[in-house]
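Listed below are the residues making up each chain.
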2 protein chains.
Amino acid sequence: MDTKEHILASAQRLVQQRGFNGFSYADVAEEVGIRKASLHHHFASKADLGVALIESYAAQFDDALAHIDASGSKPLDKLKAYVAIYRSTLESDRICMCGMLATEVLTLDVGMLPKLARFFARNTEWLAQVLTEGKAGGTLFLEGAAADHARAAVSTLQGASLVCRSTGDLDAFDRTTALLINGFSRKG
Amino acid sequence: MDTKEHILASAQRLVQQRGFNGFSYADVAEEVGIRKASLHHHFASKADLGVALIESYAAQFDDALAHIDASGSKPLDKLKAYVAIYRSTLESDRICMCGMLATEVLTLDVGMLPKLARFFARNTEWLAQVLTEGKAGGTLFLEGAAADHARAAVSTLQGASLVCRSTGDLDAFDRTTALLINGFSRKG
DNA sequence: GTCTATAACGAGATAGAC
DNA sequence: GTCTATCTCGTTATAGAC
């Protein structure tokens, strides 16, 4: 991992744990083991770093989704795998970086906003496809538009992460996601 | 409204829009029309202000829930009224203050944390009671524990607020909450 | 590409007069 | 209860040597 990747990884973790307004170049510099000034060589401004972070994070998410697709799993198992992404994030004391940024949207550089919106659109589209596939195959059950159910599922996962964080109750997250999965597993 | 209440109202709005790490005493002072130093007379530290903000916000929420209870509405209408609280918050370009704080939890003074967790517990308990009432009366339908459904509903509302914020799509929020309400309205 | 040094500004907080 | 003045520290960012 070269320095630029090291910076991105460190900053990403800090955003996921503390928010974009909750970390500084000093935090990153200490973790990476270089001086603050050197960070500016890689990312001239914090806004530039922010844009790069979203791009990098979205690419990681796309990879994860592509990996789920490549597994050839049944739609229900794809859904479970998607939920597992959020759960493992919570386990490492983080939340979705874009969920965090979404709350801070009014304080962010405008250059970050289109990429942020794109992240949620991409997630919803992928999940809608899984749900549509499951409905067509008769293994998942939903009334109404798959896109709406997909958006609602993303919302539930983001919100459950947030609530779980304040209560420190990972078991509550599991019970919420169990209901989510269950809702698609039986005729309703 | 005396000065202390004015400060709380201004700070609350700033937290809901920008986060606890996204506003400063200078922002509040300008809005209230006093100097930064004067703020410290009312709230010695920002952490003290934070604690007072959660207490005040929780009290407002309790009032709103009590008002819904006093309306004598049917459980389904109580659920809709609860959803409407979140919607009107979004309309004024804010999100739930405690949802915002929940994401920033790792940066907050520890004195704020118990009150924050209590807010979510209180919301979940109230909603669980509404769902239980509706189930008993045969007007709402749910499988499994009402507490789990209540927690999931709170998560969905928090998450939908967050997602709506980044996409600026209030209609998407409405479609998500429609699914939520619909899920309790029909046998499943 | 990294460093030292420093600029320029804003943050939370305090002292003491009125 | 509010003010002016100030402190101390942390923030992003830049200049220029190595």
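It should be noted that the structure appears before, not after, this text.
Note that residues are indexed from 1 along each chain, following the sequence as it is written. Numbering of ligands from 1 and lettering of chains from A proceed in the order in which they are written. Local features are withheld for residues below a pLDDT of 70 in this predicted model, meaning they are given only at 70 or higher, and side-chain atom pairs are given and counted only at 80 or more; totals for whole chains, interfaces and linings count all residues. Excluded from the side-chain calculations are hydrogens and water; all other atoms, namely the structure's heavy atoms, are used.

Draft legend 1. Main features of the overall build of chain A. Within chain A, the secondary structure is distributed over nine helices and zero strands. Going along the chain from the N terminus, every DSSP run of H or I of four or more residues is numbered as a helix, and every run of E of two or more is numbered as a strand. For chain A, the sequential pattern of α-helices and β-strands runs α-α-α-α-α-α-α-α-α. Radius of gyration: over C-alpha atoms. The globule rule applied is 2.2 Å multiplied by the number of residues raised to the 0.38 power. Its C-alpha atoms give chain A a radius of gyration of 18 Å, within 12% of the compact-globule value 16 Å for 188 residues. Taking the principal axes of the C-alpha coordinates as reference, chain A spans close to 60 × 30 × 30 Å. Across the 188 residues in chain A, those meeting the buried criterion constitute 49%. Here the analysis covers contacts within chain A between residues at least 6 apart in sequence; of these, 65% occur between residues at least 24 apart. For chain A, the exposed area adds up to about 8000 Å²; of that, 52% sits on carbon and sulfur atoms. Lys and Arg are tallied as positive, Asp and Glu as negative. Neither His nor the chain termini are counted. The atoms used to mark charge sites are NZ of Lys, CZ of Arg, CG of Asp and CD of Glu. The averaged location of the 22 negative side-chain charges in chain A is 3 Å from the averaged location of its 20 positive side-chain charges. Note on exposure labels: buried denotes an accessible area under 20% of the residue type's maximum, exposed denotes more than 50%, and partly exposed covers the range between, all computed with a 1.4 Å probe on protein chains only. Contact between two residues is taken to exist if any of their heavy atoms lie within 4.5 Å; hydrogens are not considered. Accessible surface area values rest on a Shrake-Rupley calculation with a 1.4 Å probe, where residue burial reflects the displayed protein chains alone.

Draft legend 2. Molecular detail of the interface of chain B and chain A. Every contact between the two is made by 39 residues of chain B and, on the other side, 39 residues of chain A. Summing the contributions of chain B and of chain A, the shared interface buries around 3400 Å²; its carbon and sulfur component is 66%. Accessible area that two parts lose when put together, evaluated with a 1.4 Å probe and summed over both, is termed the buried area. If you sort the residues of chain B by the area they bury against chain A, Thr103(B), Leu106(B) and Leu162(B) come out on top, with a joint share of 17%. Each reported salt bridge corresponds to a side-chain nitrogen of Lys or Arg within 4 Å of a carboxyl oxygen of Asp or Glu. Put simply, chain B and chain A have four salt bridges between them.

Draft legend 3. Quick look at the packing of aromatic side chains. Pairing of aromatic rings covers Phe, Tyr and Trp, the last through its six-membered ring, and needs centres within 6.5 Å; plane angles under 30 degrees mean stacked, over 60 mean edge-to-face, and all others mean tilted. The tally for this structure, following the rule as stated, stands at 18 aromatic pairs over all chains. For the pair Tyr57(B) and Phe61(B), a centre-to-centre distance of 5.7 Å together with 50 degrees between the ring planes defines the contact as tilted. Separated by four residues within a single helix, Tyr57(B) and Phe61(B) lie in helix α4 (residues 46–70), roughly one turn from each other. Accessibility assignment for this pair places Tyr57(B) and Phe61(B) in one class, buried. Ring-over charges, as used throughout, are those where CZ of Arg or NZ of Lys falls within 6 Å of the ring centre and within 35 degrees of the ring normal. The ring of Phe43(A) carries Lys4(A) above its face, with NZ or CZ at 5.3 Å from the centroid. The lysine or arginine in question, Lys46(B), covers the ring of Phe23(B), its NZ or CZ lying 4.4 Å from the ring centre.

Draft legend 4. Spotlight on unusual backbone geometry. Residues and elements named next belong to chain A. Its identity as a non-glycine residue notwithstanding, Asp-93 has a phi of 65 degrees, on the positive side. Structurally, Asp-93 is set in the loop between α5 (75–91) and α6 (97–103). Residue Asp-93 is classed as partly exposed on the basis of its relative accessible area, which comes to 46%.

Draft legend 5. Region of interest: the relation of the copies chain B and chain A. To superpose the copies, least squares is applied to the C-alpha atoms of every residue with a pLDDT of at least 70 in both. Each copy superposes on the other: chain B lies on chain A with an RMSD of 0.0 Å after a rotation of 180 degrees and an axial shift of 0.0 Å. One copy is carried onto the other by what is essentially a two-fold rotation axis. Interface overlap between copies is the fraction of interface residues in one copy that are interface residues in the other; for chain B against chain A it reaches 100%, indicating a shared surface.

Draft legend 6. Representation of the protein's contact with DNA strand C. Here, proximity means that at least one heavy atom of the residue falls within 4 Å of the molecule or strand. In the neighbourhood of DNA strand C, 17 residues make up the surrounding shell, with Arg35(A), Ser38(A), His42(A), Tyr25(B) and Lys46(B) lying closest. In DNA strand C, atoms within 4 Å of the protein come from the sugar-phosphate backbone in 66% of cases. Thr3(A) has a polar side-chain atom sitting 3.1 Å from a phosphate oxygen of DNA strand C. N or O atoms closer than or at 3.5 Å make up a polar contact, with two conditions inside protein: a donor-capable atom paired with an acceptor-capable one, and, for residues adjacent in sequence, both atoms drawn from side chains. Within the backbone of Lys46(B), one N or O atom sits 2.8 Å away from a phosphate oxygen of DNA strand C. Those elements giving two or more residues to the surface near DNA strand C turn out to be α3 (36–42) of chain A together with α2 (25–32) and α3 (36–42) of chain B. Among the elements that make up the surface near DNA strand C, the one with the highest residue count is α3(A) (four residues). For this scheme, ten residues count as nonpolar: Ala, Val, Leu, Ile, Met, Phe, Trp, Tyr, Cys and Pro. Four count as charged, namely Asp, Glu, Lys and Arg, and the remainder, Gly too, count as polar. Residues of the surface near DNA strand C, tallied by class, amount to seven nonpolar, seven polar and three charged.

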